[in-house]
Amino acid sequence: MAAKALERRPLGNTGLNVSCLGFGASPLGNVFGQVSESDAIDAVRRAFSLGINFFDTSPYYGGTLSEKMLGKGLKALGVPRSEYIVSTKCGRYKEGFDFSAERVTKSIDESLQRLQLDYVDILHCHDIEFGSLDQIVAETIPALIELKHAGKAKFIGLTGLPLGIFPYVVDRLQPGTVDVILSYCHYSINDTTLADLIPYLKTKGVGIISASPLAMGLLTETGPPEWHPAPPTLKAACRAAAARCVEKKKNISKLAIQYSLSNEDISTIVVGMKSAKQVEENVEAAVEEEEEESSVAIIAEIEEILKPVKNLTWPSGF
């Protein structure tokens, strides 16, 4: 492993300093294939030992299994609670969406029990585009404020795919109400539309988390899962880009992680991980010193291949 330590970056106005690479726990819910309990615990322990201090999950991932596995992994660390930062979500469940005050209030207690924690650092409203944004403003967020006052969550966040949902909600609340947003698939080699929103979020003091720099599997050598909602043109272009990297003896996933990390206005990028080996590969990519000109050249080639499909959107709802 490289000796250089993972960088820590401030998360908006929260006072939290998060590792620039975050542990996405959705794979621990068997979302991308079966993961044994021992492998899940090993992945969490290896991540922490290599400097990852931010772990993200949701009751939706694997129908609560991700939270349970992450909870077991965090307990196995045997370190003070203040040593790691955890975010979970509410409003989206295996059974469907429910952003009512009653459901999200119950939801955090269920999540804390599964995670074996007294509080989470961040409680996100999960994929808010599937609910009424006006309900999020008038009912859900006030309920989360109460949970914050009760000490069950330190900070409030929003997640979703369409970027326009974030200013819609933030602008309708008192300044400082929303602490964090988690955007996914909008800051990587094939899509950088999150960059347009960053100046706005910075003026609001909102911390920025960017998830899935690998575009949910598009920017990998093995390709995306069957259910991936990207249009065929985008999938084909990403396959071509991955093949070009193989020709050049480069790994497209490593390049994608490095590309996403290069924007320091993004506090952390969350990558799904399900094994100690995967953790090691991702951390190695994150701490690797800038390589010779060949990496810069191949990224330029990839960008050229992906240019016709740059910032191409796909439907949310998977």
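The text that follows walks through the structure, step by step, so that each part is easy to find. The shown structure was predicted, so the numbers you read here are calculated from the model rather than taken from an experiment. (Residues numbered from 1 in each chain as written. Predicted model: local features only at pLDDT ≥ 70, side-chain atom pairs only at ≥ 80, totals over all residues. Heavy atoms only, no water.)

**Structural notes on the sheet that holds strand 9 (residues 153-160)**
Where we set the bar: Any two strands with at least two DSSP bridges between them are considered paired. For helices the rule is a DSSP run of H or I covering at least 4 residues; for strands it is a run of E covering at least 2, with both sets numbered from the N terminus onward. With axes taken as lines fitted to C-alpha atoms, and helix axes fitted only over the stretch in contact, angles between N-to-C directions fall between 0 and 180 degrees.
Pairing in this closed barrel of eight strands is parallel, and the strands run 3-4-5-8-9-10-11-12 around the ring. Pairs of neighbouring strands in the sheet enclose a mean axial angle of 30 degrees, with direction left out of account. Note that strand 3 (residues 21-24) and strand 12 (residues 268-272) share four bridges and pair parallel. Counted as the bridge partner of glycine 22 is valine 270 from strand 12.

**Observations regarding the packing of helix 3 (residues 101-115) against helix 4 (residues 133-149)**
Defined as follows: Put simply, a crossing is left-handed when the front helix is turned counterclockwise from the back one by less than a right angle, and right-handed when it is turned clockwise. Contact between two residues is taken to exist if any of their heavy atoms lie within 4.5 Å; hydrogens are not considered.
For the pair helix 3 and helix 4, the least separation of the axes is 9 Å and the interaxial angle reads 35 degrees. Note that helix 3 runs across helix 4; the crossing there is right-handed. Taken together, the residues of helix 4 that come into contact with helix 3 (itself represented by Ala101, Val104, Thr105 and Ile108) are Glu139, Thr140, Ala143, Leu144 and Leu147.

**With respect to the pattern of salt bridges**
Keep this limit in mind: Just to be clear on terms, a salt bridge is a Lys or Arg side-chain nitrogen sitting within 4 Å of an Asp or Glu carboxyl oxygen.
Under the defined criterion, the tally for this structure stands at 18 salt bridges. When the shortest N-O distance is used, the salt bridge between glutamate 37 and lysine 72 registers 3.1 Å. With glutamate 37 in helix 1 (residues 37-49) and lysine 72 in helix 2 (residues 65-77), this pair connects stretches of sequence that are 35 residues apart. Its salt-bridge partner being arginine 244, residue glutamate 301 comes within 2.6 Å of it at the nearest N-O pair. Here glutamate 301, found in helix 10 (residues 293-306), pairs with arginine 244, found in helix 7 (residues 232-247); they are 57 residues apart in sequence, far enough to count as distant. One salt-bridge network, in which partners are shared between bridges, spans Arg244, Glu247, Lys248 and Glu301.

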